[in-house]
Amino acid sequence: MKFKTIYSVVWYIFISCFFVWLISGLGYRLLFNDKVEQSRVELTQALNAYFPREQYLNASEVYESNRRTLFSKGIARNIRKDSSNKDIESIKPISGNWELIDQAKTRYVYKNESYRVYVLEDPMNDGYIVVLARNN
């Protein structure tokens, strides 16, 4: 008799934990997935506006970088070296009020009121990596 009681108590606890996990997981996916996707689209549009294909030779499509912020991930793009972009100083956003806040030999960081742009040298692909992320 006691074995059946213990078994049914454990079974009900397992089922209730499973349903709590299922409801919270689906709720998070339905409520917050739209904000993440909207943030990703906004960052991609900003990256395309500040680093247009006409001015920079893009070596890749937009992808998610390793830089993560509280609300969004950074969006990155690889840029090839060409005659107009031979050094890292020439890679900068083309529009807006950008301020150079950090400078190193292989990294430049620009900032405006909404975004930060990280320009990094990419020695493996002989080019640059441009990462755009929202200011926190």
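Throughout this document, residue positions are counted from 1 along each chain, in the order its sequence is written. For this predicted model, a pLDDT threshold of at least 70 governs which residues receive local features, and a threshold of 80 or more governs which side-chain atom pairs are given and counted, while totals over whole chains, interfaces and linings are taken from all residues. Only hydrogens and water are set aside when side-chain values are computed; all heavy atoms of the structure are taken into account.

Provide a residue-level description of the overall build of the protein chain, including the pertinent values.
Tallying secondary structure elements over the protein chain gives one helix and six strands in all. What you see in the protein chain, going N to C, is helices and strands ordered as α-β-β-β-β-β-β. Per-residue burial over the protein chain gives 31% buried out of 136 residues. A contact between two residues is defined here by any heavy atoms of the two lying within 4.5 Å. Taking as baseline every contact in the protein chain between residues at least 6 positions apart, the subset at least 24 positions apart corresponds to 47%. Here a helix means four or more residues in a row that DSSP labels H or I, a strand means two or more in a row labelled E, and each is numbered from the N terminus. Summary of the burial criterion: residues with accessible area below 20% of their type's maximum are buried, those above 50% are exposed, and those between are partly exposed, where the area comes from a 1.4 Å probe applied to protein chains only.

Residue-level account of the nonpolar core, with values.
Buried together is how nonpolar side chains tend to be arranged in soluble globular proteins. Judged by nonpolar contacts, the single largest core of 19 residues is most densely connected at Phe51, Ile91, Val117 and Leu132. Those elements that place two or more of their residues in this core are helix H1 (2–50), strand S2 (73–80), strand S4 (107–111), strand S5 (115–122) and strand S6 (127–134). At four residues, the largest contribution of residues to this core is made by H1. Once you skip the residues sitting within four places of it in the chain, Val117 turns out to touch Phe51, Pro93, Trp98, Tyr108, Val109, Tyr110, Val130, Val131 and Leu132. For this analysis, a nonpolar core means a set of buried residues of the types Ala, Val, Leu, Ile, Met, Phe, Trp, Tyr and Cys, connected via side-chain atoms within 4.5 Å. Listed in part, the five residues of the second largest apolar core include Val109, Tyr118, Ile129 and Val131.

Explain the pairing of S5 residue by residue, including any values.
Of the strand pairs in this sheet, S4 and S5 are connected by five bridges, and their pairing is antiparallel. Note that in S5 the partner of Tyr110 across the bridge is Val117. Should DSSP find at least two bridges between two strands, the strands are taken to pair. Hairpin connection of S4 to S5: three residues between the antiparallel strands. One ladder, built from eight bridges, connects S5 with S6; its direction is antiparallel.

Break down the environment of Trp98 for me, with residues and values.
Examined against the element boundaries, Trp98 turns out to sit in the loop between S2 and strand S3 (99–103). Separated by 2.7 Å, the side chain of Trp98 and the backbone oxygen of Ser95 make a polar contact. Throughout this description, a polar contact denotes any pair of N or O atoms lying within 3.5 Å of each other; where both atoms belong to protein, one of them has to be capable of donating a hydrogen while the other can accept it, and for residues adjacent in sequence the pair is counted only when both atoms sit in side chains.

Pulling in residues and values, what's your account of the confidence of the model for the protein chain?
On average, residues of the protein chain carry a pLDDT of 79, and 78% of them reach 70 or more. Of all helices and strands in the protein chain, the one with the weakest mean pLDDT is strand S1 (residues 63–68) (60), whereas S4 scores best (90). A residue's pLDDT is the confidence the predictor assigns to it, expressed on a 0 to 100 scale.

Could you give an account of a nonpolar patch on the surface, naming the residues involved and the relevant values?
By definition, no residue in a patch forms a salt bridge, and every one has over 30% relative accessible area; like charges are joined within 9 Å, nonpolar side chains (Val, Leu, Ile, Met, Phe, Trp, Tyr) within 5 Å. Here the accessible surface of atoms and residues is derived via Shrake-Rupley with a 1.4 Å probe, and residues count as covered only by protein chains that are part of the display. Salt bridge criterion: a side-chain nitrogen from Lys or Arg within 4 Å of a carboxyl oxygen from Asp or Glu. On the surface, a cluster of nonpolar side chains totalling about 1,100 Å² of accessible area is made up of Tyr7, Trp11, Tyr12, Phe14, Phe18, Phe19, Trp21, Leu22 and Ile23. Turning to its location among the elements, Phe19 is positioned in helix H1.

Break down the pattern of salt bridges for me, citing the residues and quoting the values.
What the rule picks out here adds up to three salt bridges. Ionic pairing is found between Arg134 and Glu42, a salt bridge with its closest N-O pair at 2.9 Å. Taken together, the residues span a long stretch of sequence, with Arg134 in strand S6 and Glu42 in helix H1 at a distance of 92 residues. According to the relative accessible area criterion, Glu42 is partly exposed, its value standing at 33%. In this structure, the salt-bridge partner of Lys81 is Asp126, at a minimum N-O distance of 3.5 Å.

Outline the packing of aromatic side chains, supporting the account with residue identities and numerical values.
We describe a pair of aromatic rings using the distance from one ring centre to the other and the angle between the two ring planes. Aromatic pairing here means that ring centres of Phe, Tyr or Trp (its six-membered ring) are within 6.5 Å. Orientation follows from the plane angle: under 30 degrees is stacked, over 60 is edge-to-face, and everything else is tilted. A full pass over the atoms with the stated rule returns six aromatic pairs. Plain terms: the ring middles of Phe18 and Phe19 are 5.7 Å apart, the flat faces sit at 65 degrees to each other, and that makes the pair edge-to-face. Judged by relative accessible area, which is 37%, Phe18 ranks as partly exposed. With a centroid separation of 5.0 Å and 85 degrees between ring planes, the pair formed by Tyr50 and Trp98 is classed as edge-to-face. Within this pair, whereas Tyr50 is found in helix H1, its partner Trp98 is found in the loop between S2 and S3, the two being separated by 48 residues in sequence. An aromatic cluster is present here, built from Phe18, Phe19 and Trp21 joined pairwise through their rings.

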